[in-house]
Amino acid sequence: VLVGRAMGKLQSKLSFHTSKYRADGSVEETGPDRTVWQHSPVHTDAVTCVAALKPDLCVSGGRDKSVAVCSWRSGAVLRRFVGHEREVTKVTSALNSNRVFSASRDKTVMMWELHGTAGPSQHFAGHDLVVTGLAVSPDASQLCTGSRDNTMCKWDTETGECLGRATISRNLVTHLCWVPGEPYVIQASEDKTIRIWDSRELQVAHTFPAKRHIQTFCDVSQDGRFCLSSSSGCAGEGGEATLWDLRQTRNQVREYKGHFQTTTSCVFMPWGPGLTPSIATSSYDSTVKVWDQDTGGRG
């Protein structure tokens, strides 16, 4: 959603030729190079997080304490889940799964069934502070959570049982992501490091060399070979994204520098035959940048 905010600011600077207002409340803005669809608001307050659910569906969380499942094509809200007592901080789902997970400032995580009842199907309580990291295994059977209380927890999604808990001093978790096809979870931290956790024993398998600034976000490539992280920054200092090798050297591969303030999120762009591997970053400097993954050049 930070990406969404930044993109919104960026798009406001573009000059579009026409605007078409539709009966469903959405706006189609067209220009020489693109079409931008702007749908009616989904939440009643700021949107704090968003994640892919299915090829045509996304899930979002907001300060209004709710979780919404929407069709990005039509803008229609297909499901709305309410149960958290404070704002939702993270949402996630195993791709093409019918289960949605949400973390909150109320220190809990909830699991929702896309085709189930309106209430949560499972409740995970065990952190002492806001939950800031959330990653689900590819088969949706296990969940890893992280918090500003310096802890990582592993859960059985069927029973809600906490299967493990690990605490590292000053490890304020900022984001988690599961490595596709592997038992490993990547974790970004305010202590300026990126850690690889082995979810089987909930132990740190590797810690990359510390960066100079807080690590705000992380993502893993589709093939599980690389990890990407983003840094806080100010006035042109910091704010870089960093590519890390997960399988061979487990070292830093490349940095992507160009933002003037904190880089809030970073993602690997979908790739395929004929497409150049690319990454995207968003920043408090009101920009979204797309980079050539291999060279660090900007598209």
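The coordinates are above.
Residues numbered from 1 in each chain as written. Predicted model: local features only at pLDDT ≥ 70, side-chain atom pairs only at ≥ 80, totals over all residues. Heavy atoms only, no water.

Engineer: Honestly, the sheet that holds strand 9 (residues 99–104) in this entry has me stumped. Any pointers?
Structural biologist: By way of backbone hydrogen bonds, the strands of a sheet pair with one another, either parallel or antiparallel. Taken in spatial order, the 4 strands make up an open sheet running 8-9-10-11, and their pairing is antiparallel. Strand pairing shows two members of the sheet lacking a second neighbour, strand 8 (88–92) and strand 11 (122–125), which therefore form its edges. Within the sheet, the average angular offset between the axes of one strand and its neighbour, ignoring direction, is 20°. Pairing of strand 9 with strand 10 (residues 108–113), which is carried by 5 bridges, proceeds in the antiparallel orientation. Directly across from V100, in strand 10, lies its bridge partner W112. (Pairing = 2+ DSSP bridges. Helix = DSSP H or I, 4+ residues; strand = E, 2+ residues; numbered from the N terminus. Axes fitted to C-alpha atoms, helices over the stretch in contact; angles between N-to-C directions.)

Engineer: Is there a simple way to think about the layout of surface pockets in this case?
Structural biologist: Which parts of space are left empty comes out when a probe the size of a water molecule is rolled across the atoms. Of the pockets and cavities examined, the second largest pocket occupies roughly 190 Å³. What lines the second largest pocket is simply K211, R212, H213, G236, E237, G238, E240, E255, K257, G258 and H259. Considered class by class, the residues forming the lining of the second largest pocket number no nonpolar, 5 polar and 6 charged. (1 Å grid on protein atoms, 1.4 Å probe; cavity = no way out; pocket = protein on both sides within 12 Å on 5 of 7 lines; lining within 4 Å. Points joined across faces, edges and corners; volume = space filled by probe spheres on them. Nonpolar A, V, L, I, M, F, W, Y, C, P; charged D, E, K, R; others polar.)

Engineer: Help me understand the side chain of S229 in this model?
Structural biologist: Relative to the helices and strands, S229 is located in strand 21 (residues 226–231). Relative accessible area serves as the criterion here: at 0%, S229 is assigned to the buried category. In this structure S229 touches I194, Q215, F217, C218, E240, A241, T242, W244 and C266, once residues within four positions along its chain are discounted. (Buried < 20%, exposed > 50% of the residue type's maximum accessible area, 1.4 Å probe, protein only. Contact = heavy atoms within 4.5 Å.)

It is worth stressing that arrangement in space is one thing and function is another; only the former is reported here.
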